[in-house]
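Fold and contact review
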Amino acid sequence: QVQLVESGGGLVQAGGSLRLSCTASGPIWNMNDMAWHRQAAGKQRELVAVITSGGSTNYADSVEGRFTISRDGAKNTVYLQMISLKPEDTGVYYCTGNVRGPFTPRGRDYWGKGTQVTVSS
């Protein structure tokens, strides 16, 4: 069974940095478009960053210039480098994406369970 597993969350002071990782495990061939979403307590989930299979990226206005999404195809891993963190970046960060494998040759969308990021002021 394919799973997306996030790691790297934690508690950091405002102005600090974190790097989140998301690794796809199970029977897969490759990852297509991948993304990070986040959800703050009491708020709707929002799209933070996207990276296509070709490496093109796009960011929410609120994180542009501070967050960088990247991918390592050989490791089936997507990263989110976050710098200059603000208290409003606090939330659960979810990795999502479309993954192809022997049982899903046309690709299927998956979500990870999320990792908590807390930025203190």
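Since we're looking at a predicted model, the values are computed, not measured.

Remarks on the overall build of the chain
Helix and strand counts for the chain come out as zero helices and 11 strands. If you list the helices and strands of the chain from N to C, you get β-β-β-β-β-β-β-β-β-β-β. Its C-alpha radius of gyration of 14 Å places the chain within 12% of the 14 Å reference for a compact globule of 121 residues. Taking the contacts inside the chain whose residues are at least 6 apart along the sequence as the reference set, 57% of them involve residues at least 24 apart. When the accessible surface of the chain is split by element, carbon and sulfur atoms take 46% of a total near 6,500 Å². Taking the average location of the 12 positive side-chain charges in the chain and that of its 9 negative ones, the two points are 7 Å from each other.

Some words on the sheet that holds strand β7 (residues 67-72)
Taken in spatial order, the four strands make up an open sheet running β1-β3-β8-β7, and their pairing is antiparallel. Strands at the two margins of the open sheet, each flanked by one partner only, are β1 (3-7) and β7. Strand-to-strand twist in this sheet, taken as the mean axis angle between neighbours without regard to direction, amounts to 15°. Note: β7 against strand β8 (residues 77-82), six bridges, orientation antiparallel. Each bridged residue has a counterpart across the sheet, and for Arg 71 the counterpart in β8 is Val 78.

The rules behind these values
Residues numbered from 1 in each chain as written. Predicted model: local features only at pLDDT ≥ 70, side-chain atom pairs only at ≥ 80, totals over all residues. Heavy atoms only, no water. Helix = DSSP H or I, 4+ residues; strand = E, 2+ residues; numbered from the N terminus. Rg over C-alpha atoms; globule rule 2.2 N^0.38 Å. Contact = heavy atoms within 4.5 Å. Areas by Shrake-Rupley, 256 points an atom, 1.4 Å probe, with all protein chains shown as cover. Lys, Arg positive; Asp, Glu negative; His and termini not counted. Charge placed at Lys NZ, Arg CZ, Asp CG, Glu CD. Pairing = 2+ DSSP bridges. Axes fitted to C-alpha atoms, helices over the stretch in contact; angles between N-to-C directions.

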